[in-house]
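The chain contents come next:
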Amino acid sequence: MRTTLRHYTVKEVVDGFVYNELEGKGLFGLGGRLVIQPEFQRHYIYNDGKKDVAVIDSLLKGYPLGLIYFHKDGATLEVLDGQQRITSIGRFTTGKFAIIVNGSEQTFSSLPKHLQYLIMDSELLVYECEGTETEIKDWFRTINIAGVPLNAQELRNAIYSGPFVTAAKAEFSNSNNANMQKWRAYVKGDPKRQEVLQVALSWVAASQGNTIDAYMAQHRTDTDITELKNYFTSVIDWVSAVFSGSPDKEMKGLEWGRLYEEHHTTAYDPAALAADVQALRSDPAVTSSKGIYEYLLSGKTKPELLVVRLFDDQTKRAAYTQQTTAAQAAGVSNCPTCAGVDNANKTRIYTMQEMDADHVTAWSRGGQSDLANCEMLCSTHNRAKGNR
């Protein structure tokens with residue numbers, strides 16, 4: 001890969017700048033010769049009133065913005081690194097946000113002329129890079145965008161850029177997608193950071209025994225994302241139908257793709273599930289509400305998902321005292337199981353440290369974590385009992 005250092009003024013770079021508010025990206029500069037956000041780039045994320053303002057403040061103070069990298073392909077240039085900074089500058093110079101100067105809010109057009117000139121005449125140091133696609137993409141994969149590193153999916157979008165990524169981003173990375181509100185009840189992540197797209201890809205890839213990378217490589221040149229959309233929609237529709245009503249906050253971010261594969265062929269009664277969910281959410285013994293949904297989908301066979309509250313120390317001490325007093329009076333072991341067998345431990349009195357608290361009736365079968373349902377067993381017999 002060959003690089004050439006160039007000096008551009010801000011005025012040159014933002015010449016012909018266009019910003020798409022709907023998609024959240026800067027499009028063009030340098031009089032149309034510069035593509036500010038190629039498809040392999042992430043969305044614009046500096047519009048938080050801090051990072052974008054900091055870029056302009058740096059220009060006004062004469063601070064360097066750091067090196068910027070363009071990919072040169074004939075007469076066309078594409079931003080490899082620096083699109084967040086360039087987009088911030090372009091948005092400011094076209095009146096998209098204001099900054100505070102001497103205690104007053106100012107847009108670019110309201111700034112004193114000498115400050116406008118200061119910004120427009122500021123020099124940007126740019127390396128223009130020429131090379132094969134593989135060289136450019138490998139370089140882009142390793143670069144660190146100052147302050148906000150690329151996440152895994154943003155890197156994948158760069159590596160596998162093409163018509164498939166373009167279409168997938170238009171569907172799953174658009175915050176204004178009418179379906180986004182429903183999706184985000186079950187999917188965690190920022191669509192602009194490609195995190196919703198990553199979930200969609202992970203679900204469909206896993207259903208085929210693939211990784212996200214393998215799936216994206218296989219479909220890189222596809223213009224049709226119907227398979228991706230249909231699978232994602234099937235999972236979301238299944239979840240919302242099985243657990244009908246308003247989704248609980250704990251449902252967001254669960255492994256719905258995996259759960260769909262494991263359970264979507266099972267028939268469920270949504271009304272009965274709703275009643276079970278409500279009962280479990282209000283049960284003080286359940287300490288992991290997120291586990292409720294898989295617990296119910298699995299037919300209540302995995303109580304460990306609920307992380308059921310264990311007996312507190314006060315309850316264990318009370319149970320130990322009751323059992324030990326009764327056992328000593330009867331001349332048998334204070335472990336009920338040992339007392340019922342004919343061996344050397346039949347009359348052994350264990351210390352509290354040698355015993356474990358156990359549910360007489362397993363929690364998964366309706367037993368509560370209270371004194372009436374607490375039984376102290378020697379550690380050996382407690383481990384042997386399991387969930388019986």
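Before reading on, note that the structure itself is shown above.
For clarity, every value in this text was computed on a predicted model and none was experimentally measured.

S.K.: Can you help me understand the pattern of salt bridges in this one?
M.R.: Proximity of charged atoms lets side chains of opposite charge pair with each other. Scanning all chains against the criterion turns up 17 salt bridges. As a salt-bridge pair, Arg156 and Asp213 come within 3.2 Å of each other at their nearest N and O atoms. Separated by 57 residues along the polypeptide, Arg156 in helix H6 (residues 152-159) and Asp213 in helix H10 (residues 212-219) bring together distant segments of the chain. The salt bridge involving Lys316 is made with Asp313; its shortest N-O contact spans 3.6 Å. Of this pair, Lys316 and Asp313 are both found in helix H15 (residues 313-330), 3 residues apart, which corresponds to roughly one turn of the helix. You can call Lys316 partly exposed: its relative accessible area is 24%. Linked through salt bridges whose partners overlap, the residues forming this network are Glu255, Arg258, Glu262, Glu294 and Lys302.

S.K.: So what exactly am I meant to see when it comes to unusual backbone geometry here?
M.R.: Backbone geometry follows two general trends: most residues other than glycine have a negative phi, and most peptide bonds adopt the trans configuration. In this structure, Asn102 takes a positive phi of about 55° despite not being glycine. Within the fold, Asn102 resides in the loop between strand S7 (99-101) and strand S8 (104-106). Residue class for Asn102 comes out exposed when judged on its relative accessible area of 80%. Phi is positive for Lys300, which is not a glycine, with a value near 60°.

S.K.: Any chance you could explain the packing of helix H7 (residues 163-172) against helix H9 (residues 195-207) here in plain terms?
M.R.: In helix packing, the relevant descriptors are the interaxial angle and the interaxial distance, both defined with respect to the helix axes. Direction vectors running N to C along H7 and H9 enclose 115°, while the axes themselves pass 9 Å from each other. Judged by the angle between their axes, H7 and H9 are roughly perpendicular. Crossing hand, H7 versus H9: right-handed. Side by side, H7 and H9 meet where Phe164, Ala168, Lys169 and Phe172 of the first sit next to Val196, Leu197, Ala200 and Leu201 of the second. Considered class by class, the residues forming the contact of H7 with H9 number 7 nonpolar, no polar and 1 charged.

S.K.: What am I meant to see in the nonpolar core here?
M.R.: In summary, soluble globular proteins display a tendency toward joint burial of nonpolar side chains. The biggest cluster of nonpolar side chains holds 50 residues, and the ones touching the most others in it are Trp203, Leu228, Phe243 and Trp256. Secondary structure elements with two or more residues in this core: H7, helix H8 (180-183), H9, H10, helix H11 (226-242), helix H12 (256-263), helix H13 (270-281) and helix H14 (292-297). Apart from the residues lying within four places of it in its own chain, the contact partners of Trp203 are Val187, Tyr231, Phe232, Val235, Ile236, Trp256 and Gly257. Formed by 30 residues, the second largest nonpolar core is a distinct cluster that contains Phe17, Leu30, Leu65 and Ile68.

Calculation rules
- Residues numbered from 1 in each chain as written.
- Predicted model: local features only at pLDDT ≥ 70, side-chain atom pairs only at ≥ 80, totals over all residues.
- Heavy atoms only, no water.
- Salt bridge = Lys/Arg side-chain N within 4 Å of Asp/Glu carboxyl O.
- Helix = DSSP H or I, 4+ residues; strand = E, 2+ residues; numbered from the N terminus.
- Buried < 20%, exposed > 50% of the residue type's maximum accessible area, 1.4 Å probe, protein only.
- Axes fitted to C-alpha atoms, helices over the stretch in contact; angles between N-to-C directions.
- Parallel < 35°, antiparallel > 145°, perpendicular 65-115°, else oblique.
- Left-handed = near helix turned anticlockwise from the far one by under 90°.
- Contact = heavy atoms within 4.5 Å.
- Nonpolar A, V, L, I, M, F, W, Y, C, P; charged D, E, K, R; others polar.
- Core = buried A, V, L, I, M, F, W, Y, C linked by side-chain atoms within 4.5 Å.

Nothing here speaks to function; it is all geometry.
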